[in-house]
Every structure is written in C-alpha cells, then in structure tokens.
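The primary structure of each chain is shown beneath.
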Amino acid sequence: MVILVTGGAGFIGSNFIYYELDKYAEDRIVCIDALTYAGNLETLEEALKNERFVFYRGDIADGEFVNGVFAKEHPDIVVNFAAESHVDRSIEAPDIFLRTNVIGTMTLLEACRKYGIQRFHQVGTDEVYGDLPLDRTDLFFTEETPIHTSSPYSASKAAADLLVLAYHRTYGLPVTISRCSNNYGPYHFPEKLIPLMISRALADESLPVYGSGENVRDWLYVKDHCSAIDLVMRKGRNGEVYNIGGHNERTNLQVVKTILKELGKPETLITYVKDRPGHDMRYAIDPTKIRSELGWQPETSFDDGIKQTIRWYLDNRTWWEHILAGDYRNYYERMYGDR
Ligand code: NAD
Ligand code: TYD
C-alpha cells in the first residue's frame, strides 16, 4: 500500500509517519509538505534514511504539484494533516488559513477524484464544534454536535470537513474524517501551550497564561491519536466522522502548574496576559463511536503523558533549540540544496 501523508513535517504528521513505518513493514509512505514555519524536516531525519519513505516539498493548494505527485506515486490512501494550525495566527492573518486549509483540501480531493484512491482521510479538529460551558461538565462533543466555529482557524477546518463530505456525497469519493482534541507529545512546535511552557520554564522566562487560565482542553497523547487515525483510515466506515479523545480534561492553569512542578520551577513564573479574542472555554470529546465501532482506546493518561513529554523535551533540547534559533529552516537546503 502507498500512503500519501500531507503535512508530515509537522507535529502530528511526523509522529504518524513514524507510527506507520514502524507498524507496517510493507507500506510505502510518500510525504508532501510545504515546510512552512511549522514544518521541520529535521524531525523526519530518521524517516529520510528509510527506503520506504519519500519526501516532496510543495504546497497542497498547488494543483500542478499535487497532480504530479499523484501521477508518479499512485497513492492508495491519502491522509491530510497539512494545515495552518495555530488559532492565534489565524486571528492575526486569516487568509493563509483559507488558502491552505480550504483550497488545499479541495486540491487534494480533486486529485483523488482524478487518479482514484481507496480512501481519503481528513484530519479534523474538535474546534469545529465551538466550545462547551465550564459549568456543564455533563456535556461532550459527539459527531452530531452542530458545527459552530469561533476562530478563523476552526472556520477554515469546518469548511474543509464539509468539502470532504460533499465530495463523498456528490462524487462518491471514499472518505473519512476524524476530529481530535488537543494533542501533546514529541515534536510539538514550541508556539503551542505545552511545549511553549516547557521551553520558557527551562529558560526561567515568564509563562503567559491567557485570561484567567480556566479554559479547559481535553489532552490526547499524540501516539494515541496516530493509532486512532490508522484505524479510521483503514477500517472506518466510508463517509463517516469519528471523534477522538480520551477524557483527559485539564484547565490551562492545571497544565502549566504540572509542568512547573515536574521541572522544579516556581509558580511565580506564571504571568496572566490579555485573553485571546473569542477564546473557547471548554473542549471535551465523547469517544463512544470510535470505541464501540473500531475498538479504539487511548493508552496514555495525561499524568503519564505529560511526564513522558517533559522528558522528551529535556532529552531533545537540540530539536527545539534549533527551532527557537531558526536554524531548522536551513535543513532542507542542507539535505536537498544540491540535488
Ligand atoms: P503543524 O502546524 O505542526 O503542522 C502542519 C504541517 O503542515 C507543517 O509541516 C507545515 O509545513 C505543513 N503545511 C502547512 N501548509 C501547507 C501547505 N499549503 N502545503 C503543504 N504542507 C503545508 O500541525 P499539527 O499540530 O501537526 O496538526 C496537523 C493536523 O491536525 C492539522 O490539520 C490540524 O488542524 C489537526 N489537529 C491538530 C490538533 C493539535 O492539537 N495539534 C488537534 C486536532 C486536529
Ligand atoms: P493552543 O496550544 O494554542 O491550542 P488551541 O488554542 O488549539 O486549543 O492553546 C491551548 C490553550 O492554552 C488555549 O486555551 C489557549 C491557551 N494558551 C495560553 O494560555 N497561553 C499561550 O501562550 C498559548 C499558546 C495558549
């Protein structure tokens, strides 16, 4: 089987590539990534040594490029991770979010129609459901929860999901969508909450908590997300949406305090800053469908996963220090510059 992974130089896509290469000795992985600021080819250093892996630098919204890769590689399954993914950036500059997340997804869907595939899997987000109130802990997002987006990021991801479902209904394209809660783990770009707080705490810098820090996120260890995507794309029912989450709700303040405690740093580093406009209060997933239909269960609790993640950031300082210094952006030229 040939699996085309878009956005594979990012956080979840790279974890997924390693998961697939490790689990399936027969499959070939083709990765497309534009290497935006969030893409880091250094993350794929080990994969690049594997003869079952090939990398193409390019934009998923560029039809000529995408068609060229499909014509050459003939993927059986396409998994679309490529996206602009940071809510704060979408508030500053929404246009690139529409181009990559919406036009990019459509461009991939068109190529799938043209060349034929067994499955197109869209990696979606629970943020398309908007948020839940803090005082209704009995409420969870199900696949039936109405789409009700808050940020340009979530609006663009919702548009992409709707396009995917439209291609299924109108053109009969075989598709699945997964909607996951917040991920954490290795190779997470240090602009997102957990790696940002770890790297800043290690440097004894202030930790900027938005608003009062009471917002709740439902944290999922990235490897558990990878196992869920793998199941859905291979065994999920055609045309269906599956929510992915493991009931690991924490307030932002709880997360930050846990990190400080693990690192032996003082809580005086916490600084309350101006809130994010439109800041969603609570995300919480009901994973009943994926559990009952596909037998998926997450393996890592937040208490274990956060310890493993902190350990990883301590053991892999070069990885994130290259990012903070901007050096990671030269890696592609070093690898491919003279080819
Ligand atoms: P990321 O920002 O770490 O990685 C995105 C990758 O996509 C980068 O390698 C980037 O270079 C690439 N990319 C961006 N624009 C591109 C384009 N036009 N063409 C080709 N490649 C492009 O994101 P992530 O956190 O790994 O998220 C992956 C997917 O999972 C996204 O679709 C995101 O919406 C979704 N998701 C993420 C989370 C989370 O907690 N991180 C939760 C739910 C869903
Ligand atoms: P983030 O990692 O950006 O993910 P998302 O917005 O997609 O959930 O943020 C997670 C939570 O942490 C969110 O409620 C915003 C908050 N946050 C801070 O308080 N300070 C920060 O510096 C960042 C990046 C996020």
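Scroll up to find the structure this text is about.
Residues numbered from 1 in each chain as written. Chains lettered and ligands numbered in written order. Predicted model: local features only at pLDDT ≥ 70, side-chain atom pairs only at ≥ 80, totals over all residues. Heavy atoms only, no water.

Caption draft 1: Here's a closer look at the overall build of the chain. Within the chain one finds 13 helices and 13 strands. At 19 Å, the chain has a C-alpha radius of gyration in line with the 20 Å of a compact globule built from 339 residues. Counting only C-alpha atoms, the chain reaches 55 × 50 × 35 Å along its principal axes. Expressed as a percentage of contacts within the chain between residues at least 6 apart in sequence, the contacts between residues at least 24 apart total 82%. Summed over its atoms, the accessible surface of the chain is roughly 14,400 Å², and 49% of this surface lies on carbon and sulfur atoms. (Helix = DSSP H or I, 4+ residues; strand = E, 2+ residues; numbered from the N terminus. Rg over C-alpha atoms; globule rule 2.2 N^0.38 Å. Contact = heavy atoms within 4.5 Å. Areas by Shrake-Rupley, 256 points an atom, 1.4 Å probe, with all protein chains shown as cover.)

Caption draft 2: Just the environment of P208, in detail. Its location among the elements puts P208 in strand β8 (residues 207–210). For the pair formed by P208 and D224, sequence separation is 16 residues and the distance between their alpha carbons is 28 Å. Ignoring anything within four residues of it in the chain, the contact list for P208 reads L196, M197, R200, T271 and V273.

Caption draft 3: A look at the packing of helix α7 (residues 193–202) against helix α9 (residues 252–263). Where α7 contacts α9, the two axes come as close as 10 Å, and the packing angle between them is 40°. The interaxial crossing formed by α7 with α9 has right-handed handedness. Contacts from L193, I194, M197, I198, A201 and L202 of α7 reach α9 at N252, V255, V256, I259, L260 and L263. Residue composition of the contact of α7 with α9, by class: eleven nonpolar, one polar and no charged. (Axes fitted to C-alpha atoms, helices over the stretch in contact; angles between N-to-C directions. Left-handed = near helix turned anticlockwise from the far one by under 90°. Nonpolar A, V, L, I, M, F, W, Y, C, P; charged D, E, K, R; others polar.)

Caption draft 4: Looking closely at the site of ligand 2. By nearness alone, 18 residues border ligand 2, and E127, P208, R217, R276 and H279 come closest of all. A distance of 2.6 Å separates an oxygen atom of ligand 2 from a polar side-chain atom of E127. Contact distances for ligand 2 include 2.9 Å between an oxygen atom and a backbone N or O atom of Y210. Taken by itself ligand 2 offers 510 Å² of open surface, and the protein chains cover 95% of this. Among the elements of the structure, α7 and β8 are those that each provide at least two residues to the shell around ligand 2. Here the residues of the shell around ligand 2 are counted per class, giving eight nonpolar, five polar and five charged. (Near = heavy atom within 4 Å. Polar contact = N/O pair within 3.5 Å; in protein donor to acceptor, adjacent residues only side chain to side chain.)

Caption draft 5: Expanded view of the packing of aromatic side chains. Counted by the stated rule, this structure contains 18 aromatic pairs. A ring pair is formed by Y187 and W312, whose centres lie 4.9 Å apart and whose planes are at 70°; its orientation type is edge-to-face. With a gap of 125 residues between them, Y187 in the loop between β7 (183–184) and α7 and W312 in helix α11 (residues 302–315) connect regions that are remote in the sequence. Y187 sits in the partly exposed class, given a relative accessible area of 22%. Here the aromatic cluster, defined as three or more aromatic residues joined through ring pairs, consists of Y18, Y187, W312, Y313 and W319. The positively charged end of R234 is found above the aromatic ring belonging to Y24, 3.5 Å away from the centroid. Note that R282 overlies the ring of F140, its terminal NZ or CZ placed 5.4 Å from the centroid. (Phe/Tyr/Trp six-rings, centres within 6.5 Å; stacked < 30°, edge-to-face > 60°. Buried < 20%, exposed > 50% of the residue type's maximum accessible area, 1.4 Å probe, protein only. Lys NZ or Arg CZ within 6 Å of the ring centre and 35° of its normal.)

Caption draft 6: Representation of the site of ligand 1. Not every one of the 28 residues close to ligand 1 is listed here, only the nearest: I12, D33, S85, Y153 and K157. Take S85: an N or O atom from its side chain is 2.7 Å from an oxygen atom of ligand 1. In this structure, N183 approaches ligand 1 through a main-chain N or O atom, which is 2.8 Å from an oxygen atom. Calculation on ligand 1 without its partners gives an accessible area of 840 Å², and the protein chains cover 96% of this total. Of all the secondary structure elements, the ones that give two or more residues to the shell around ligand 1 are α1 (11–23), β5 (119–125) and α6 (152–171).

Caption draft 7: Fine view of the side chain of N40. Among the structural elements, N40 can be located in the loop between β2 (28–33) and α2 (45–48). Look at N40 and you get buried, because its relative accessible area is 1%. A polar side-chain atom of N40 sits 2.9 Å from the main-chain amide nitrogen of E42. With residues up to four places along the chain from it excluded, the contact list for N40 reads A9, L35, W319, I323 and Y328.

Caption draft 8: Quick peek at the sheet that holds β2. Read from one edge to the other, the open sheet built from seven strands follows the order β3-β2-β1-β4-β5-β6-β11, with strand pairing classed as parallel. The strands lining the two open edges of the sheet, one partner per strand, are β3 (53–57) and β11 (240–244). On average, each strand axis in the sheet is inclined to that of its neighbour by 20°, with strand direction left out of account. Note: β2 against β3, five bridges, orientation parallel. By the bridge assignment, C31 is partnered in β3 with F55. (Pairing = 2+ DSSP bridges.)

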